[in-house]
Amino acid sequence: MNIEISKMTLADLDLIKNNLINDFDNFWNYSILKEELDNHNSTYILAKINNEIVGFAGIKIIMDEADIMNIVTKKFYRNQGIGTLLLENLISLSIQLNLTSLSLEVNENNLPAIRLYKKFGFKNLGTRKNYYQNQNAIIMTKKLN
């Protein structure tokens, strides 16, 4: 399976607009993603297989650090390494931008994501209570240099 990674544009977002909630997840709607893509402090990448958008991920840069805003794989394509590839590319991009760390919040019940972040050296910093509609978030960070 040949997965192509590239920078995400508003045109890409428009291509998945009508399927965003059904095919991906319901917590990142079109208007929120459009704001992210319009923000000069945010960078988003996407994964394509045969010109089909199968995943996307983004960071928001604050000074010399970045927060991972999301890593989302199309439901049909999950557990095939796309999230891993997107995370690898976010880490590489952050290193290229001379950032010192990457941080994120992840639902405490999202065990596959937590395992993925730990595999890449992210450390648990603490918990945000009720961050996701009555569910806690684990705050994780990775030093880059």
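Quantities reported herein were computed from a predicted structural model and do not represent experimental measurements.

Undergrad: Explain the overall build of the protein chain residue by residue, including any values.
TA: A count of helical and extended segments in the protein chain gives five helices and seven strands. Along the protein chain, helices (α) and strands (β) appear in the sequence β-α-α-α-β-β-β-α-β-α-β-β when read from the amino end. Computed over its C-alpha atoms, the radius of gyration of the protein chain comes to 15 Å, within 12% of the 15 Å expected for a compact globule of 145 residues. Scored against the burial criterion, the 145 residues of the protein chain give a buried share of 43%. Here the contacts in the protein chain between residues at least 6 apart in sequence split such that 57% fall between residues at least 24 apart. With an accessible surface of roughly 8400 Å², the protein chain has 47% of that area assigned to carbon and sulfur atoms. Within the protein chain, one finds 16 positive and 15 negative side-chain charges whose respective centroids are separated by 6 Å.

Undergrad: Tell me about the nonpolar core, and please be specific about residues and values.
TA: As a rule of thumb, nonpolar side chains are buried together in soluble globular proteins. Counting 29 residues, the largest nonpolar core has Ile68, Ile82, Leu87, Leu102, Val106, Tyr117 and Phe122 as its most contacted members. With near-sequence residues (within four places) excluded, Val106 lies in contact with Ala113, Ile114, Tyr117, Tyr132, Asn136, Ala137, Ile138 and Met140. Ranked by size, the runner-up nonpolar core spans 13 residues in total, among them Trp28, Leu37, Leu46 and Val72.

Undergrad: Account for the side chain of Lys74, with residues named and values stated.
TA: Position of Lys74 relative to the elements: it lies in the loop between β4 (65-73) and α4 (82-96). With a relative accessible area of 14%, Lys74 lands in the buried category. A polar contact of 2.7 Å, which involves the side chain of Lys74, links it to the side chain of Glu52. Look past the residues within four positions of Lys74 in its chain and what remains in contact with it is Asp23, Phe24, Glu52, Ile53, Val54 and Gly55.

Undergrad: How would you sum up the environment of Asn2? Please name residues and give values.
TA: Residue position: Asn2 is located in the segment before β1 (4-7). When the C-alpha positions of Asn2 and Ala47 are compared, they lie 9.9 Å apart, and in sequence the two are 45 residues distant.

Undergrad: Go over unusual backbone geometry, please, and point to the residues and values.
TA: Here Gln133, not a glycine, exhibits a phi torsion of approximately 35°, which is positive. Assignment of secondary structure puts Gln133 in the loop between β6 (123-132) and β7 (135-143). With relative accessibility at 75%, the residue Gln133 sits in the exposed group. One non-glycine residue, Asn134, lies in positive phi territory at about 70°. In this fold, Asn134 is placed in the loop between β6 and β7.

Undergrad: I'd like a rundown of helix α3 (residues 30-38), residues and numbers included.
TA: Residues of α3 that are buried include every one of Leu33, Glu36 and Leu37, and no others. Down the axis of α3, the sector holding all buried residues measures 95°, keeping them to one side. Buried-residue contacts for α3 involve α1 (10-16), α2 (20-24), β2 (42-49), β3 (52-62) and β4.

Undergrad: I'd like a description of the pattern of salt bridges, backed by residues and values.
TA: Within this structure, the stated rule accounts for five salt bridges. Here Lys74 makes a salt bridge to Asp23, at a shortest N to O gap of 3.8 Å. Here Lys74, found in the loop between β4 and α4, pairs with Asp23, found in helix α2; they are 51 residues apart in sequence, far enough to count as distant. Among the residues examined, Asp23 registers a relative accessible area of 23% and is labelled partly exposed. A salt bridge links Lys74 to Glu52, with the nearest nitrogen and oxygen atoms 2.7 Å apart. Taken together, the residues span a long stretch of sequence, with Lys74 in the loop between β4 and α4 and Glu52 in strand β3 at a distance of 22 residues. Each of Asp23, Glu52 and Lys74 takes part in salt bridges that share partners, so that together they form one network.

What counts and how
Residues numbered from 1 in each chain as written. Predicted model: local features only at pLDDT ≥ 70, side-chain atom pairs only at ≥ 80, totals over all residues. Heavy atoms only, no water. Helix = DSSP H or I, 4+ residues; strand = E, 2+ residues; numbered from the N terminus. Rg over C-alpha atoms; globule rule 2.2 N^0.38 Å. Buried < 20%, exposed > 50% of the residue type's maximum accessible area, 1.4 Å probe, protein only. Contact = heavy atoms within 4.5 Å. Areas by Shrake-Rupley, 256 points an atom, 1.4 Å probe, with all protein chains shown as cover. Lys, Arg positive; Asp, Glu negative; His and termini not counted. Charge placed at Lys NZ, Arg CZ, Asp CG, Glu CD. Core = buried A, V, L, I, M, F, W, Y, C linked by side-chain atoms within 4.5 Å. Polar contact = N/O pair within 3.5 Å; in protein donor to acceptor, adjacent residues only side chain to side chain. Arc of directions from axis to C-beta. Salt bridge = Lys/Arg side-chain N within 4 Å of Asp/Glu carboxyl O.

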